[in-house]
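# Close look at the chain arrangement
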Amino acid sequence: MEWFEGIIMGLIQGLTEFLPVSSSGHLMIGREILGIQMPDDEAFLSFEIIVHAATVLATIVVFRKQIWDLLCGLFQFRYNDQTDYILKIGVSMVPVFVVGMFFKDAVKALFDGLLVVGCALLLTSVLLYLSDVLGRKSADKEASAHRGGISYLQAFVVGLAQAVAVIPGLSRSGSTISTGLLCGVKRDVMAQFSFLMVLVPILGEAFLDLLDGGFAQSAQAIGMPALVLGFVSAFLSGLFACKVMIDLVKRASLKWFALYCAIIGAGILAYCFFA
């Protein structure tokens, strides 16, 4: 991978991670358009983990006050609002932990072509449209009285959505936010919860990749300049996209993102079948 390709791929990751359009799907599309040659899919997945870690660090910067408040409450060593919120994040991580532990090879196989991406983007489009139409009504009815604006059951269901969203093209933020809205969680609550619940899984995956030598292999196969510049590019663009997405989820209609995903998904399927 050339250094400028690393920058472009980092930008793609940073700008799409927090928008409900699937960053992993767009990375695969970017790889195809740029004609990036990888020695194997393992190297590409390692690159994806690295740029995902960059956007997670961007999330930590944006939500630093909320994270600090949660940590301060946790180390009071008593059950309070902060402890309750952290436990709910823990509950939401259980499904993706199971997928990561027992279905990792099956997930890797999904990164073999664009057909899965096209189908998953169409599914993302449907989810976004339904959540925009039905989510407001659900939230109004629920008027959540739960601590933190979300219940343990809602957190687990959102976690299931995150686990399914390991499929490339199925947006993680889109799936979790849409599922939360359909379950009756308010928009502002769901936006923050969606971004915070991914911190530990992504950083944990990056750490494991580093321990088992995946990073070293990727650096050799892809090139250190592309990896470093991809990381920096994803982090900086992620800072911008995270702030924008928070505002969009609170105020804007998700139908426009649904339309975008439908157009891109249909275009990819047309490319797969007719190109």
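Preceding this paragraph is the structure being described.
Here goes a summary of the coordinates provided.

### Comments concerning the overall build of the protein chain
Helices and strands together make up the secondary structure of the protein chain, namely 14 helices and zero strands. Going from N to C terminus, the protein chain has its helices and strands arranged as α-α-α-α-α-α-α-α-α-α-α-α-α-α. A globule of 275 residues ought to have a C-alpha radius of gyration of about 19 Å, and the protein chain, at 18 Å, matches this closely. The principal-axis extent of the C-alpha atoms belonging to the protein chain is close to 50 × 40 × 35 Å.

### Some thoughts on empty space enclosed by the protein
Applying the stated criterion across every chain yields a total of one cavity of 30 Å³ or more. Considering only enclosed or pocket space, the largest cavity measures out at about 30 Å³ in volume. It is helix α3 (residues 41–62) that contributes the most residues to the lining of the largest cavity, four residues altogether. Grouping the constituent residues of the lining of the largest cavity by class yields four nonpolar, three polar and one charged.

### Observations concerning the pattern of salt bridges
If you walk through the whole model with that rule in mind, you get four salt bridges. Notably, a salt bridge pairs Glu17 with Arg172, separated by 3.8 Å at the nearest N-O pair. Taken together, the residues Glu17 in helix α1 (residues 3–17) and Arg172 in helix α9 (residues 172–182) connect sequence positions 155 residues apart. The pair Glu17 / Arg172 is uniform in exposure class, with both members buried. The shortest N-O distance in the salt bridge between Asp132 and Arg187 comes to 2.7 Å. Remark: Arg187 occurs in helix α10 (residues 187–196) and Asp132 occurs in helix α7 (residues 115–142); sequence separation between them is 55 residues. Across the pair, exposure class does not vary: Asp132 and Arg187 are buried alike.

### As for the layout of surface pockets
Computed from the structure, the second largest pocket encloses a volume of approximately 290 Å³. Forming the walls of the second largest pocket are 13 residues, and the residues nearest its centre are Ile67, Ile89, Leu196, Leu199 and Val200. Elements with a contribution of two residues or more to the lining of the second largest pocket: α4 (64–74), α5 (81–102) and α11 (199–211). Residue composition of the lining of the second largest pocket, grouped by class: 12 nonpolar, one polar and no charged.

### Let's talk about the environment of Tyr129
Within the secondary structure layout, Tyr129 lies in helix α7. For Tyr129, a relative accessible area of 44% translates into the label partly exposed. Measuring from C-alpha to C-alpha, the distance between Tyr129 and Phe257 comes to 8.4 Å, with 128 residues separating the pair along the chain. Beyond its immediate chain neighbours, meaning those up to four positions away, Tyr129 contacts Lys255 and Ala258.

### Looking at the packing of α1 against helix α2 (residues 23–34)
Direction vectors running N to C along α1 and α2 enclose 155 degrees, while the axes themselves pass 9 Å from each other. One way to sum up the angle between α1 and α2 is to call them roughly antiparallel. In this structure, α1 meets α2 at a crossing whose hand is right-handed. Counted together, Glu5, Ile8, Met9, Ile12, Gln13, Thr16 and Glu17 of α1 and Ser23, His26, Leu27, Gly30, Arg31 and Leu34 of α2 form the full contact between these two elements. Of the residues in the contact of α1 with α2, the class split is five nonpolar, five polar and three charged.

### Remarks on the nonpolar core
In this structure, Phe63, Phe193, Leu196 and Ile222 are the most contacted members of the largest nonpolar core, which totals 64 residues. Aside from chain neighbours lying at most four places away, what touches Phe193 is Tyr85, Lys88, Ile89, Ser92, Ile150 and Ala155.

### Some words on a nonpolar patch on the surface
On the surface, Val94, Phe97, Val98, Met101, Phe102, Phe103, Phe156 and Leu160 cluster together into a nonpolar patch covering about 790 Å² of accessible area. Of all the elements in the fold, those that place two or more residues in the nonpolar patch are α5 and α8 (152–164). In terms of residue count, the dominant contributor to the nonpolar patch is α5 (five residues). Its place among the elements puts Phe103 in the loop between α5 and α6 (104–109).

Reading the values: the criteria
- Position numbers for residues count from 1 along each chain, tracking the sequence in the order it is written.
- Reporting in this predicted model follows two pLDDT cut-offs: at least 70 for local features of residues, and 80 or more for side-chain atom pairs to be given and counted; totals over whole chains, interfaces and linings ignore these cut-offs and use all residues.
- Note: side-chain values were computed over all heavy atoms of the structure, leaving out hydrogens and water.
- The way it works is that DSSP assigns letters per residue, a run of H or I at least four long becomes a helix, a run of E at least two long becomes a strand, and they are numbered from the N terminus.
- Taken over C-alpha atoms, the radius of gyration is set against a globule rule of 2.2 Å times the number of residues to the power 0.38.
- Put simply, the grid is 1 Å and covers the protein atoms alone, a cavity is a trapped set of points that fit a 1.4 Å probe, a pocket is an open set with protein on both sides within 12 Å along at least five of seven lines, and lining residues have an atom within 4 Å of a point.
- Grid points are joined across faces, edges and corners, and a volume is the space filled by probe spheres set on the points.
- Basically, the charged four are Asp, Glu, Lys and Arg, the nonpolar ten are Ala, Val, Leu, Ile, Met, Phe, Trp, Tyr, Cys and Pro, and anything else, Gly included, counts as polar.
- A pairing counts as a salt bridge when a side-chain nitrogen of Lys or Arg comes within 4 Å of a carboxyl oxygen of Asp or Glu.
- Residue exposure (1.4 Å probe, protein chains only): buried if accessible area is under 20% of the type maximum, exposed if over 50%, otherwise partly exposed.
- Every residue pair with non-hydrogen atoms within 4.5 Å of one another is taken to be in contact.
- Between N-to-C directions, angles span 0 to 180 degrees; the directions come from axes that are lines fitted to C-alpha atoms, helices contributing only their stretch in contact.
- By definition in this entry, angles of less than 35 degrees are roughly parallel, angles greater than 145 are roughly antiparallel, angles of 65 to 115 are roughly perpendicular, and the rest are oblique.
- Working rule for handedness: look at the near helix, and if it is turned counterclockwise from the far one by less than a right angle, call the crossing left-handed; if clockwise, right-handed.
- The nonpolar core is taken to be a set of buried Ala, Val, Leu, Ile, Met, Phe, Trp, Tyr and Cys residues, with the residues joined through side-chain atoms within 4.5 Å.
- In this scheme, patches are assembled from residues that exceed 30% relative accessible area and form no salt bridge. Like charges are connected within 9 Å, while nonpolar side chains (Val, Leu, Ile, Met, Phe, Trp, Tyr) are connected within 5 Å.
- Each accessible area value is a Shrake-Rupley result obtained with a 1.4 Å probe; residue values ignore everything except the protein chains displayed when judging cover.

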